[in-house]
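# Report on the structure
Residue-level listing of the chains:
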Amino acid sequence: MSSHLRIGACALIATGALALPAGANAADIQTAVSAVQAHTDRADAALDRAVSLFGKNSDRAARKAFATSRKEMGLAKAAAAKARRQANTPTENTQAALAQAIVGAELGENIEKLAAALLPADGADENKIAAAARADTRGREKAIAILTALMGQVPEQARFGIARAIAALSQDRDDETQATAKALVSKHVSSTNKRRIVQAIEASVDGQATASATLAALIANPNMPAQSKPGLQIAYDAVTGEHGSVADILSRLSPRMPAFVRTFVERIITQARTDAQGMRENHPTGPPAGVPGGPTAGPNGGPNGGPGATIPAGPLAGSQFGPPSA
């Protein structure tokens, strides 16, 4: 996951929350948000240590760091859930969304690191790492679903930030796919754990497909802030492209995978390509000109730029998520 998108999304949600009057539970929820940030920071640092130590064959120390990381992630998720339970006002729901975005971002950061740690680990350590990778993948997709649900419970000025968080969590998964695919071809990863990793990849592909539908709905929603639409379009196009990348990465490596894994992977490849085609065919264009959330109507009733102008379908060639420059 791109760190600048992650940080920007959380900052935008936070700005929306701070601009509103505090509710009765605001102090308690702010405490929960601060706890989420602290726990995820500690979890991230501990996982970095664990990955490094496993690579150096310092298994005892790596095991301790890994356990710390998982404990801190559990505490972060519990604090985010507490914030959601306590939230009773739009402002408090914005703070709850911020807590969830922080958790979701850290779950996304974890997956690639956990997949890398599988290669030097073995035995019970390997089992725990593979299970964690699968759990965190599923947790990230759940975080997107929670943020989507909270979108309708926050003030308008907070929706831009939540949309940005959903977009960030939905994309930038190529390196993650590469790391998990390498685990599937490694002779050092057990059959049981390869099955767990396949399940993680499947959860990511299914989650991206669901996120794509969410992004399309947000783009078409006239109640979404107009300034959020270009970023959502870029995210939608990125998810579409990444679905194709997932299929390509898995296709390149599938001949080296064990037969029992290859059967599942080929199904995922087919699903990813089918989903990507559907995303391209159903590309969202947003509300029509003159409708709130759509482009400004031009002099002849069409979008600004003249009657023949259209809403841009995605980023320009050569930009971060656009096609390569000619």
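Please read these numbers as outputs of a predicted model, since none were measured by experiment.

## Digging into the overall build of the protein chain
The helix and strand tally for the protein chain stands at 10 helices and 0 strands. Along the chain direction, N to C, the helices and strands of the protein chain fall in the order α-α-α-α-α-α-α-α-α-α. Burial analysis of the protein chain (326 residues in total) assigns 48% to the buried set. Across the protein chain, contacts joining residues at least 24 apart in sequence account for 75% of those joining residues at least 6 apart.

## Details of the environment of Phe54
Here Phe54 is to be found in helix H2 (residues 26-55). Not counting residues within four places of it along the chain, the set of residues in contact with Phe54 comprises Asp59, Ala62, Arg63, Phe66, Pro120, Ala121, Asp125 and Ile129.

## Things to note about unusual backbone geometry
In this structure, Asn57 is a non-glycine residue whose phi angle is positive, near 65 degrees. Structurally, Asn57 is set in the loop between H2 and helix H3 (59-86). Accessibility expressed as a relative area gives 62% for Asn57, which makes it exposed.

## Here's the deal with the pattern of salt bridges
In the structure shown here, the tally under the stated rule is 10 salt bridges. The partner of Arg173 in a salt bridge is Glu141, with the nearest N and O atoms 3.1 Å apart. Here the residue Arg173 occupies a position in the loop between helix H6 (156-170) and helix H7 (174-185), and Glu141 occupies one in helix H5 (residues 123-151), the gap between them amounting to 32 residues. Per residue, the accessibility class of Arg173 equals that of Glu141, and both read buried. One salt-bridge network, held together by shared partners, links Arg140, Glu141, Arg173 and Glu176.

## A look at helix H10 (residues 259-281)
Along an α-helix, residues three or four positions apart point the same way, because every turn accommodates 3.6 residues. For H10, spanning 23 residues, the distance from its first C-alpha to its last is 33 Å, which sits close to the expected 33 Å at 1.5 Å a residue. For H10, every residue scored as buried is listed here: Val261, Val265, Ile268, Ile269, Ala272, Asp275, Ala276 and Met279.

## Here's the deal with the nonpolar core
In this structure, Phe66, Ile129, Leu184, Leu250, Met257 and Val265 are the most contacted members of the largest nonpolar core, which totals 34 residues. Secondary-structure elements contributing two or more residues to this core are H2, H3, helix H4 (90-118), H5, H7, helix H8 (191-220), helix H9 (229-253) and H10. The residues contacting Phe66, other than those within four sequence positions of it, are Leu47, Ala50, Phe54, Leu114, Lys128, Ile129 and Ala132. Core analysis: the next-biggest nonpolar cluster, separate from the first, contains 26 residues, Ala105, Ala165, Met224 and Ala235 among them.

## Remarks on the side chain of Gln233
One can find Gln233 in helix H9. With relative accessibility at 7%, the residue Gln233 sits in the buried group. Engagement of the side chain of Gln233 in a polar contact is seen with the backbone oxygen of Pro284, the distance being 3.3 Å.

## Considerations on the confidence of the model for the protein chain
Chain-level pLDDT for the protein chain is 83 on average; 79% of the residues reach the 70-or-more range. Counted against residues more than four places away or in other chains, residues 288-326, with its pLDDT under 50, gives 57 contacts.

## Overview of the environment of Thr137
Checked against the element boundaries, Thr137 lands in helix H5. Overall, the relative accessible area of 1% leaves Thr137 in the buried class. Other than its neighbours up to four places away in sequence, Thr137 contacts Ile111, Ala200, Ala203 and Ser204. Polar side-chain contacts of Thr137 include one of 2.8 Å to the backbone oxygen of Ala133.

## Some words on the packing of H4 against H5
Running from amino to carboxyl end, H4 crosses H5 at an angle of 155 degrees, the nearest separation of the two axes being 8 Å. By the criterion of interaxial angle, the relationship of H4 to H5 is roughly antiparallel. Relative to H5, H4 is oriented so that their crossing is left-handed. Each residue belonging to the contact of H4 with H5 can be placed in one class, and the counts come to 16 nonpolar, 7 polar and 3 charged.

The rules behind these values
Residues numbered from 1 in each chain as written. Predicted model: local features only at pLDDT ≥ 70, side-chain atom pairs only at ≥ 80, totals over all residues. Heavy atoms only, no water. Helix = DSSP H or I, 4+ residues; strand = E, 2+ residues; numbered from the N terminus. Buried < 20%, exposed > 50% of the residue type's maximum accessible area, 1.4 Å probe, protein only. Contact = heavy atoms within 4.5 Å. Salt bridge = Lys/Arg side-chain N within 4 Å of Asp/Glu carboxyl O. Expected span 1.5 Å × (residues − 1). Core = buried A, V, L, I, M, F, W, Y, C linked by side-chain atoms within 4.5 Å. Polar contact = N/O pair within 3.5 Å; in protein donor to acceptor, adjacent residues only side chain to side chain. pLDDT = per-residue confidence, 0-100. Axes fitted to C-alpha atoms, helices over the stretch in contact; angles between N-to-C directions. Parallel < 35°, antiparallel > 145°, perpendicular 65-115°, else oblique. Left-handed = near helix turned anticlockwise from the far one by under 90°. Nonpolar A, V, L, I, M, F, W, Y, C, P; charged D, E, K, R; others polar.

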